[in-house]
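# Observations on the three-dimensional arrangement
Here is how the chains run, residue by residue.
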Amino acid sequence: MRISHAPHTAVSASSAFITGDARVEELAVPDGLSRTQVDSVRFTPGARTRWHRHPVGQVLVVTDGAGLVQRRGGPVETIRTGDTVRIEADEWHWHGATPGNSMTHVAIEELPVDGSTAEFAQAVTDAEYHAADGDQADPAPPLSRVIVMDQQLPQPLATQHVEIRRITIAPGYAAGLHIHNGPVFGNIETGSVIYQIEGQPETVLEPGDVFYEPEGIRIARFDAQADGVTFLGYFLLGDGVDAELVFPDA
């Protein structure tokens, strides 16, 4: 028995396989007598695979969000958290997120002994992607408002101005233990980062994720992964106060 502890390293999917942005976490690979490959794939809204097929089929388990799937000759169908899709051997198909939602699924695939892999063909056209009928479609509304965070702040909080910074951290760079002199909000634009408030579990932040750091809290990890990270930081500041970052020794 071997245990691989989270978080797992995620990498950007190649444009040779994906239209749009998707990230792949390798969970299990063929080893010994086992020929099982297991990956967790997170598609950003609008992202989808090319048309492709697997030598001995594949099983998809949706773990978050909403997506679309289609076999050649069949309708575009919506899949949501908890749904399972069994794809037959050599069945041409595609799958991905809906236009308005991200989607994460676990992909389970048995690889042939001869080492053959999935065959990828042409990209899914916009017409094919938007061909869902009626309630199967998730059409993008002309205006959408989604609450991504509702955070209670300390009272009273004498905020006089808000400073917004776009911050980029190079691939593999660890910011180290640090403390802010005021509340900070952030949202990830591109890339990913291992994030941890001291005393709490680690997590991986990816595009679209948001975070909140109270004033004076100790941030144990903000470590860019292999693709680096770019995020917007919102600094709530009092009158005449500048945003400061302290790096304590321990």
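Residues numbered from 1 in each chain as written. Predicted model: local features only at pLDDT ≥ 70, side-chain atom pairs only at ≥ 80, totals over all residues. Heavy atoms only, no water.

## Examining unusual backbone geometry
Across the chain, the bulk of peptide bonds are trans and the bulk of non-glycine residues have phi less than zero. Even without being a glycine, D90 presents a positive backbone phi close to 60°. Structurally, D90 can be placed in the loop between β9 (84-87) and β10 (93-97). Taking relative accessible area as the criterion, D90 reaches 44% and is therefore assigned partly exposed. (Helix = DSSP H or I, 4+ residues; strand = E, 2+ residues; numbered from the N terminus. Buried < 20%, exposed > 50% of the residue type's maximum accessible area, 1.4 Å probe, protein only.)

## Considerations on the pairing of strand β18 (residues 218-237)
Counting buried positions over the 20 residues of β18 gives 14, a clear majority of the element. Two elements, strand β13 (residues 161-169) and β18, share nine bridges in a ladder whose sense is antiparallel. Bridging from a neighbouring strand, T168 pairs with T230 of β18. Summarising the sheet, strand β14 (residues 178-180) and β18 pair through two bridges and their orientation is antiparallel. By the bridge assignment for β18, I179 is matched with R218. Sheet topology note: the strand β15 (residues 184-197)/β18 ladder contains twelve bridges and is antiparallel. When the sheet's bridge partners are listed, G186 is paired in β18 with G233. (Pairing = 2+ DSSP bridges.)

## Some words on the nonpolar core
Formed by 14 residues in total, the largest nonpolar core has its most connected members in A22, F43, L60, I79, V85 and M103. Counting residues per element, the ones that place at least two in this core are β4 (36-43), β7 (58-71), β9 and β11 (103-110). In terms of residue count, the dominant contributor to this core is β7 (three residues). In contact with M103, not counting residues within four places along its chain, are V41, R42, F43, V62, D64, G65, A66, G67, I79, G96 and A97. With twelve residues, the next largest nonpolar core counts I188, L205, F222 and F231 among its residues. (Core = buried A, V, L, I, M, F, W, Y, C linked by side-chain atoms within 4.5 Å. Contact = heavy atoms within 4.5 Å.)

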